[in-house]
Amino acid sequence: EVGTATMMAATGAVKPVHVMMKEAGEAFDPKNYLPAITGYYSTTKGEMLSFPFNSSSTVMWYNKDSFKKAGLDPNKPPKTWPEVFEAAKKLKANGHPNCGFGNAWVTWVNVEQLSAWHNTPLATKANGMGGFDTVLNFNGPLHVKHLQNLVDLQKDKTYDYSGRTNTGEGRFTSGECPIFLTSSAFFGNVKANAKFDFGNAPMPYYPDVAGAPQNSIIGGASLWVMGGKSAAEYKGVAKFFTFLSDTDRQVGLHKASGYLPITKAAYEKTKASGYYNEFPYLETPLLELTNKEPTDNSRGLRLGNMVQLREVWAEEFEAALSGKKTAQQALDDAVSRGNAMLRQFERTVSR
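Residues numbered from 1 in each chain as written. Predicted model: local features only at pLDDT ≥ 70, side-chain atom pairs only at ≥ 80, totals over all residues. Heavy atoms only, no water.

Trainee: Looking at this model, I keep getting lost on the packing of helix α16 (residues 306-321) against helix α17 (residues 327-349). Mind explaining?
Mentor: Between two packed helices, the angle of one axis relative to the other and the distance separating the axes together describe the packing. Their axes nearest at 9 Å, the elements α16 and α17 cross at an angle of 165°. Regarding the angle of α16 to α17, the classification is roughly antiparallel. Remark: the crossing between α16 and α17 carries right-handed chirality. Taking contact as the criterion, the partners of Gln 308, Leu 309, Val 312, Trp 313, Glu 315, Glu 316, Phe 317 and Ala 320 in α16 are, on α17, Ala 327, Ala 330, Leu 331, Asp 333, Ala 334, Arg 337, Gly 338, Met 341 and Leu 342. (Axes fitted to C-alpha atoms, helices over the stretch in contact; angles between N-to-C directions. Helix = DSSP H or I, 4+ residues; strand = E, 2+ residues; numbered from the N terminus. Parallel < 35°, antiparallel > 145°, perpendicular 65-115°, else oblique. Left-handed = near helix turned anticlockwise from the far one by under 90°. Contact = heavy atoms within 4.5 Å.)

Structure below.
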């Protein structure tokens, strides 16, 4: 998903999916797909540019056995950030001295998802969806408060930083961190490696933010169609996308991988079968994504140089967590450095 703006800006290199499907005469209605997924890969008019394939969202995984030992209800995980902080303190005091809670993908969880879940803009122009002249603005009260909380809790390991990507996820499956926020697609790894009873829950929210929680945004990837091919080749690609959209095929992919079903029909069929009664953690990201109708703040992000932006943001987070900068200074610098990169990207695509 982080490559969306770059692919969009590659004029002539890609063929929009909605155009290809129409020209190939293949039945195709964007309304059949889950809007929280397709919105990430569509224009503001709802025209799908690429085809969603493996989609996930951020969820909060937790160790039910550790909850019991700490006197917490394993069937009532914390819903708000203050509740997470309190639970993490109890867990730290009861067998988890090095990590009350943690997360992978530090900026995806604590900037991108935090913004969408609280219906707070991360950048202008609908987080870049409305144009490449977008300006970052995630250095306001919500983001500063959240980073400051992490900084304060890092001091005694109630929170413990676990890296920029997903390399720290093993801290959850090993039992070291009893609460861990990361992708719902972590499911296969947890199922295979956790030697304890586990569950997951929606991301926590700050109860003093009006309207929270809103909806989460997706991670994962989509399929892009390259330009300059023959009509016959596009007909084949269009048939393949129809094949992938088949309801039973989507249900099968969802159950086997933990990734989300991309169509409404596949989600409804899985739900109607009672599958989520036995495996509730597979529905958590879907409940988050469909919690409310997406807004300009929660449809997704479309920022150029996104991979590089995340590195810069993570660098500033690390500066705050290590005490080298205040939370406000770190986010001010993340925003200003990021905006310079966005202007560079804008100049590149406007030539």
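Trainee: Sorry if this is basic, but what is going on with the environment of Met 341 here?
Mentor: Relative to the helices and strands, Met 341 resides in helix α17. Relative accessible area serves as the criterion here: at 15%, Met 341 is assigned to the buried category. It is 7.2 Å that separates the C-alpha atoms of Met 341 and Asn 305, two residues lying 36 residues apart in sequence. When sequence neighbours within four positions are dropped, the list of residues in contact with Met 341 reads Asn 305, Gln 308, Leu 309 and Val 312. (Buried < 20%, exposed > 50% of the residue type's maximum accessible area, 1.4 Å probe, protein only.)

Trainee: Please explain the environment of Phe 28 as it appears in this structure.
Mentor: Here Phe 28 shows up in the loop between α2 (17-23) and α3 (35-38). On a C-alpha basis, the gap between Phe 28 and Ser 245 in space is 9.8 Å, while along the polypeptide they are 217 residues apart. In contact with Phe 28, not counting residues within four places along its chain, are Val 17, His 18, Met 21, Tyr 33 and Met 48.

Trainee: Explanation requested: the pattern of salt bridges in the structure shown.
Mentor: When the charged atoms of two side chains lie near each other, side chains of opposite charge can form a pair. Counted by the stated rule, this structure contains 22 salt bridges. The partner of Arg 171 in a salt bridge is Asp 160, with the nearest N and O atoms 2.9 Å apart. Taken together, the residues span a long stretch of sequence, with Arg 171 in helix α9 (residues 170-173) and Asp 160 in the loop between α8 (141-154) and α9 at a distance of eleven residues. Like Asp 160, Arg 171 is buried. The salt bridge partner of Glu 283 is Lys 271, with a shortest N-O separation of 2.6 Å. Within this pair, whereas Glu 283 is found in the loop between α14 (275-278) and α15 (284-289), its partner Lys 271 is found in helix α13 (residues 264-272), the two being separated by twelve residues in sequence. A relative accessible area of 44% means that Lys 271 is categorised as partly exposed. When salt bridges that share partners are traced, they join Glu 315, Glu 316, Lys 325, Asp 333 and Arg 337 into one network. (Salt bridge = Lys/Arg side-chain N within 4 Å of Asp/Glu carboxyl O.)

Trainee: Would you mind going over the packing of aromatic side chains with me for this structure?
Mentor: Centre distance and the angle of the planes are the two values used to describe a pair of aromatic rings. Counted under the stated rule, the structure contains 24 aromatic pairs. What links up through ring pairs into an aromatic cluster is the set Trp 61, Phe 172, Phe 186, Phe 187, Phe 196, Phe 198, Tyr 267, Tyr 275, Tyr 276, Phe 279 and Tyr 281. The positively charged end of Arg 249 is found above the aromatic ring belonging to Phe 243, 3.7 Å away from the centroid. (Phe/Tyr/Trp six-rings, centres within 6.5 Å; stacked < 30°, edge-to-face > 60°. Lys NZ or Arg CZ within 6 Å of the ring centre and 35° of its normal.)

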